[in-house]
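Here are the chains, one letter per residue:
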Amino acid sequence: MRCAIAALLARSGGGLLATPRGVARMAATAAAADDAAVEADDPLVQYLVLRRDLQETDAWPLGALIAQGAHAAVAAVARTWDTDETRAYVAPAALGSMTKAVLELKGEAQLRTLAANLDAADVAHELWIEQPEDTPTCLATAPGRKSALAPHFKKCRLSTWHEPRSKG
């Protein structure tokens, strides 16, 4: 923030300090510059983890899997609506730059283990249970800083969806 203030002072010839309004403007501009730097270095992100077996073994269509991710993502945002990170993630100015990482795990056991690990680490998330099947299909985190969330997803791989393989 000191660099931003020094740059503003240099551009204004020190005139910004002449009034309380100028000081407030300078502080707000410097804070915005600091926030932008943090955002660029450590963006807000939402992680979604789907079960690979739903496509590979159970032959769920791609559209149904996308719906599971959407359900989990919206539920995670709705449950954490009052947090600063969620509000910043869905702010009108941020809608064009949302970042999601869509990952996959082998099956239900791995998804439940991930959910338990996130519970233990106090990471806000939603484990979506599809009804009436009572089947966990997707996990979505609440929006958070990448540096805080990424370490929890090292055992997941990026999703590579394709046409289901035939069972025969």
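Being a predicted model, the structure only gives us computed values, none of them experimental.

**Q** Help me understand the overall build of the protein chain in this model?
**A** Helix and strand content of the protein chain: 7 helices and 6 strands. In the protein chain, which comprises 168 residues, the proportion classed as buried is 35%. Across the protein chain, the fraction of contacts at a sequence separation of at least 24, relative to all contacts at a separation of at least 6, is 73%. About 10000 Å² of surface is accessible on the protein chain, with carbon and sulfur atoms providing 59% of the total.

**Q** How should I be thinking about the confidence of the model for the protein chain in this particular structure?
**A** Note that predicted coordinates carrying low pLDDT should not be read in detail. Model confidence for the protein chain is summarised by a mean pLDDT of 84, while 73% of its residues fall at 70 or above. When the criterion is pLDDT under 50, residues 1-12 qualifies, and its contacts beyond four places in sequence or with other chains add up to 14 contacts. Here residues 29-34 scores under 50 on pLDDT; set against residues more than four positions off or in separate chains, the count is 8 contacts.

**Q** Sorry, what's going on with the pairing of strand β4 (residues 135-141) here?
**A** The buried count for β4 comes to 7 of 7 residues, which makes it a mostly enclosed element. Relative to β4, strand β1 (residues 44-51) runs antiparallel, the two being bridged by 3 bridges. Bridging from a neighbouring strand, Leu50 pairs with Cys138 of β4. As defined by bridge partners, strand β3 (residues 125-130) adjoins β4 across 6 bridges and the pair is classed as antiparallel. Its bridge partner lying in β4, Glu130 is registered against Thr135. Linkage of β3 to β4, two consecutive antiparallel strands, is achieved through a turn of 4 residues, within which Asp134 is found at a positive phi near 60 degrees.

**Q** Can you help me understand the side chain of Arg51 in this one?
**A** Relative to the elements of secondary structure, Arg51 occurs in strand β1. Once residues lying within four places of it in the same chain are set aside, the contact partners of Arg51 are Asp58, Leu105, Gly107, Glu108, Leu111, Thr135, Pro136, Thr137 and Trp161.

**Q** Where do I start with the pattern of salt bridges in this structure?
**A** Close approach of charged atoms allows side chains of opposite charge to pair. According to the stated counting rule, one finds 7 salt bridges in the structure shown. Put simply, Arg157 and Glu104 hold a salt bridge, and the shortest N to O gap is 2.6 Å. Residue Arg157 is found in strand β6 (residues 157-158), and its partner Glu104 is found in strand β2 (residues 100-105); the two are separated by 53 residues along the sequence. For Arg157, a relative accessible area of 48% puts it in the partly exposed group. Here Glu104 falls in the buried class, since its relative accessible area comes to 2%. Salt bridges sharing common partners tie together Arg52, Glu56, Glu104 and Arg157.

**Q** I tried to follow the packing of aromatic side chains on my own but got confused; where do I start?
**A** Aromatic rings considered in pairs are described by the distance between their centres and by the relative angle of their planes. One pass over the full model with this rule turns up 1 aromatic pair. Ring geometry for Tyr47 and Phe153: centres 4.4 Å apart, planes at 0 degrees, overall stacked. In this pair, Tyr47 sits in strand β1 while Phe153 sits in the loop between α7 (146-149) and β6, placing the two residues 106 residues apart along the sequence.

**Q** Would you explain the environment of Leu111 in this entry?
**A** Residue placement: Leu111 occurs in helix α6 (residues 108-120). When the C-alpha positions of Leu111 and Cys156 are compared, they lie 9.8 Å apart, and in sequence the two are 45 residues distant. When residues no more than four places from it in sequence are discounted, the contact partners of Leu111 are Val49, Arg51, Leu105, Leu127, Pro136, Thr137, Cys138 and Leu139.

**Q** When you look at the nonpolar core in this model, what are you seeing that I'm missing?
**A** A general feature of soluble globular proteins is that nonpolar side chains tend to end up buried together. Tyr47, Val49, Leu114, Leu139, Phe153 and Cys156 are the most contacted members of the largest nonpolar core, which totals 16 residues. Elements with a minimum of two residues in this core: β1, β2 and α6. No other element matches the 4 residues that α6 contributes to this core. Aside from chain neighbours lying at most four places away, what touches Leu114 is Val49, Leu105, Leu139, His152, Phe153 and Cys156. Membership of the second largest hydrophobic core comes to 7 residues, among which are Leu50, Ala72, Cys138 and Ala140.

How each quantity is defined
Residues numbered from 1 in each chain as written. Predicted model: local features only at pLDDT ≥ 70, side-chain atom pairs only at ≥ 80, totals over all residues. Heavy atoms only, no water. Helix = DSSP H or I, 4+ residues; strand = E, 2+ residues; numbered from the N terminus. Buried < 20%, exposed > 50% of the residue type's maximum accessible area, 1.4 Å probe, protein only. Contact = heavy atoms within 4.5 Å. Areas by Shrake-Rupley, 256 points an atom, 1.4 Å probe, with all protein chains shown as cover. pLDDT = per-residue confidence, 0-100. Pairing = 2+ DSSP bridges. Salt bridge = Lys/Arg side-chain N within 4 Å of Asp/Glu carboxyl O. Phe/Tyr/Trp six-rings, centres within 6.5 Å; stacked < 30°, edge-to-face > 60°. Core = buried A, V, L, I, M, F, W, Y, C linked by side-chain atoms within 4.5 Å.

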